[in-house]
Amino acid sequence: MRINQFLRNVVQTGDLSAATLFGVILAIAVWLVSLPFSEKIQQATLMRFHLQSPSFLAWCGLQVVPAMYNLENRYWLSERVEQDDATRSVRCIESGTTNHFPTRMITSFDARYRFFRQLDHAEVILESRYRDQVLATRWQVDKDSNNVISARRFGEN
Amino acid sequence: MSAAGCSSDTNLLVSTSSVSATLPTPIVLNRIVIASILVSLLWKIRYFLLAFAVYFEYPLHDEFFPAWLSSSGVSLAAYTLSVAACLVSLFSVDRRYLMGCSLLLTACLYIQCIHQHSYNDVTFLTCFWSAAWSFWFTSRIGRDHDNLLIEKGVFISHLILSVIFLGGAMGKLTPGYWSGQVLYDIYFAARDFWVFNILREHFSNDTLHAISRWYSRFVIVTEMGCACLWLLPRRWASWLAIITCCGICLFSNVLLLSVLACLLGLAVIGLHEEPLPRQSRVTGDALDVGG
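So, how was this worked out
- Residues numbered from 1 in each chain as written.
- Chains lettered and ligands numbered in written order.
- Predicted model: local features only at pLDDT ≥ 70, side-chain atom pairs only at ≥ 80, totals over all residues.
- Heavy atoms only, no water.
- Helix = DSSP H or I, 4+ residues; strand = E, 2+ residues; numbered from the N terminus.
- Buried < 20%, exposed > 50% of the residue type's maximum accessible area, 1.4 Å probe, protein only.
- Contact = heavy atoms within 4.5 Å.
- Areas by Shrake-Rupley, 256 points an atom, 1.4 Å probe, with all protein chains shown as cover.
- Salt bridge = Lys/Arg side-chain N within 4 Å of Asp/Glu carboxyl O.
- Domains from an automatic or database assignment.
- Buried area = accessible area lost by both parts, 1.4 Å probe.
- Polar contact = N/O pair within 3.5 Å; in protein donor to acceptor, adjacent residues only side chain to side chain.
- Nonpolar A, V, L, I, M, F, W, Y, C, P; charged D, E, K, R; others polar.
- Phe/Tyr/Trp six-rings, centres within 6.5 Å; stacked < 30°, edge-to-face > 60°.

1. Topic: the overall build of chain B
Then, in step 1: Scanning chain B from N- to C-terminus turns up 13 helices and 1 strand.
Then, in step 2: The secondary structure elements of chain B, listed N-terminal to C-terminal, are α-α-α-β-α-α-α-α-α-α-α-α-α-α.
Then, in step 3: Relative to its full complement of 291 residues, chain B shows a buried share of 58%.
Then, in step 4: Considering only residue pairs separated by 6 or more positions, chain B has 76% of its internal contacts joining residues 24 or more positions apart.
Then, in step 5: Split by element, the accessible area of chain B, about 11600 Å² in all, is 68% carbon and sulfur.

As structure tokens, then:
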């Protein structure tokens, strides 16, 4: 079946669900094809990967857009040591590259198990790059005595 | 178009179903897709079980996700309901049950796509698209002739596969992937997998960088090619998708089968043999498939 046959059939049969599905797929395809050319789409994608979309609803909408092994994503995870004189020091524990969503280095189960099971205070720097666009975010991660972890973004690099 | 005329009869065929001998082809194709989603969901079951244990033990609060989308209970319920919906769908022939299961499956998988625990796992994204296909497909059983439904189903499945590969390709059009550095870091430097172990044994670091560069470019070109599946004859498109998905599993990471199994299901339905004779199986009406 060719696209013109498909569209003709959709019209003839009044198949609104197929038309909707087709429309959503088409919109996503246009969005994806525009990615290399549009700074706005690049920034929206970077913010999506860093959980920094303008609204949660906007992020939810973008979550159906395929993004396997997208962008260049790096992370630096450090232990944060608070000292008596209100200064702090950090000791880099691990750095590397992730395939997508660098925030997984904070939220995923293996990050929680590998890092935050042992660390009470950590600092995580995440960076994503797509062509000329770069987004870097810094996160403070703390674990309390009940093993509840809290993650808070505290600035951009 | 005589689809309306066959509607009630096909419903009868589906719902009363003396189906054991000859299931209607659309039901079989839907089962293939649902079974492939089930494989995707269960492929990393040990991983998911361990993950749920860790999530319950170490809950994470952040400002971005609403509380209910950080809840381990919601995540576990969505996963369990997804598996249950697949199982019910595999053994049901009633269109209403099939639609209900596919709708539930789509909703649960979307929740996984936006949940703090699973938003980064593409397994749920590819399964979501397969489930959305299934919901649309089952909603048309009995409303379109089998031939027409199958042809539209295959076309939409190839559209979905195309856009998923397009997403992979477009996000890689950046110097880090073109130079191979990203895939070198992720796979070639230390990944314990047979291909990369062999390469590390036999080649110097410089050569590995060169291999990763061409490997990465090959991946981008392949994904670009697969983004055009919808333009190819359907069997060619299906075979290309199947070979690509199997290649990714065999040469990158077997765990990726959780992402790819449901895509294989979508691809396989395009291999369905020649459409049924252009006569309605139910009413005998001539069938217009729109040229």
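2. Examining the pattern of salt bridges
Then, in step 1: Summed over the entire model, instances satisfying the criterion amount to 14 salt bridges over all chains.
Then, in step 2: With its nearest N and O atoms 3.1 Å apart, the salt bridge here joins Lys44 of chain B to Asp121 of chain B. With a gap of 77 residues between them, Lys44 of chain B in the loop between α2 (25-43) and α3 (45-57) and Asp121 of chain B in the loop between α5 (95-113) and α6 (122-140) connect regions that are remote in the sequence.
Then, in step 3: Taking the relative accessible area as the measure of exposure, Lys44 of chain B reaches 11% and is therefore buried.
Then, in step 4: For Arg140 of chain B, the salt bridge identified is with Asp144 of chain B, shortest N-O distance 2.9 Å.
Then, in step 5: Salt bridges linked by common partners bring Asp15 of chain A together with Arg140, Asp144 and Lys152 of chain B together as one network.

3. Topic: the domain arrangement of chain B
Residues and elements named next belong to chain B.
Then, in step 1: Assigned domains of chain B: these are domain 1 (25-143) and domain 2 (145-274).
Then, in step 2: A combined buried area of about 2000 Å² lies between domain 1 and domain 2, and 80% of that area is made up of carbon and sulfur atoms.
Then, in step 3: Here domain 1 and domain 2 share 0 salt bridges between them.
Then, in step 4: One can count 7 residue pairs in polar contact (both at pLDDT 80 or more) joining domain 1 with domain 2.
Then, in step 5: Counting only elements with at least two residues in the side of domain 1 that touches domain 2, the list comes to α2 and α6.
Then, in step 6: Of the residues belonging to the side of domain 1 that touches domain 2, the class tally is 14 nonpolar, 6 polar and 3 charged.

4. Digging into unusual backbone geometry
Residue and element names in this part refer to chain A.
Then, in step 1: Here Leu51, not a glycine, exhibits a phi torsion of approximately 55°, which is positive.
Then, in step 2: Following the sequence through the fold, Leu51 ends up in the loop between α3 (39-49) and α4 (56-62).
Then, in step 3: With relative accessibility at 4%, the residue Leu51 sits in the buried group.
Then, in step 4: Phi at Asn147 takes a positive value of approximately 70°, unusual for a residue other than glycine.
Then, in step 5: Within the secondary structure, Asn147 is located in the loop between β4 (133-143) and β5 (149-156).

5. Quick word on the side chain of Gln140 of chain A
All names here are of chain A.
Then, in step 1: Relative to the assigned elements, Gln140 resides in strand β4.
Then, in step 2: In this structure the side chain of Gln140 is engaged in a polar contact, spanning 3.2 Å, whose partner is the side chain of Asp142.
Then, in step 3: The contacts of Gln140, once residues within four sequence positions are left out, are Arg80, Ala122, Ser150, Ala151, Arg152 and Phe154.

6. Considering the interface of chain B and chain A
Then, in step 1: Contacts between chain B and chain A engage 67 residues on the former and 64 residues on the latter.
Then, in step 2: Interface area, chain B with chain A, both sides summed: about 5900 Å², of which 66% is carbon and sulfur.
Then, in step 3: Contact with chain A buries surface across chain B, with Tyr58, Phe64 and Tyr119 of chain B losing the most and accounting together for 13% of the total.
Then, in step 4: Linking chain B with chain A are 3 salt bridges, by the criterion used here.
Then, in step 5: Where Asp15 of chain A meets Lys152 of chain B, a salt bridge forms, and the shortest distance between an N and an O atom there is 2.7 Å.
Then, in step 6: Joining chain B to chain A, the criterion identifies 30 residue pairs in polar contact (both at pLDDT 80 or more).
Then, in step 7: Counting only elements with at least two residues in the side of chain B that touches chain A, the list comes to α3, β1 (60-62), α5, α6, α7 (146-171), α8 (175-178) and α9 (181-188) of chain B.

7. So, the domain arrangement of chain A
Residues and elements named next belong to chain A.
Then, in step 1: When cut into domains, chain A gives domain 1 (2-62) and domain 2 (72-153).
Then, in step 2: Placing a centre on the C-alpha atoms of domain 1 and another on those of domain 2 gives a separation of 32 Å.
Then, in step 3: If you look at the interface, domain 1 gives 13 residues, while domain 2 gives 18 residues.
Then, in step 4: Remark: the boundary between domain 1 and domain 2 carries 0 salt bridges.
Then, in step 5: Counting across the interface, domain 1 meets domain 2 through 5 residue pairs in polar contact (both at pLDDT 80 or more).
Then, in step 6: Broken down by element, the residue count for the side of domain 1 that touches domain 2 peaks at 7 residues, all from α3.
Then, in step 7: Here the residues of the side of domain 1 that touches domain 2 are counted per class, giving 7 nonpolar, 4 polar and 2 charged.

8. Notes on the packing of aromatic side chains
Given two aromatic rings, one states the distance between the centres and the angle between the planes to describe the pair.
Then, in step 1: Going through the model one piece at a time under the given rule, you end up with 31 aromatic pairs over all chains.
Then, in step 2: With 5.2 Å between their ring centres and 85° between their planes, Phe101 of chain A and Tyr119 of chain B make a pair best called edge-to-face. With one member in each of two chains, Phe101 of chain A in the loop between β2 (88-98) and α5 (104-107) and Tyr119 of chain B in the loop between α5 and α6 form a pair that bridges those chains.
Then, in step 3: In this structure Phe101 of chain A comes out as buried when scored by relative accessible area, which is 4%.
Then, in step 4: By relative accessible area, which is 4% here, Tyr119 of chain B ends up buried.

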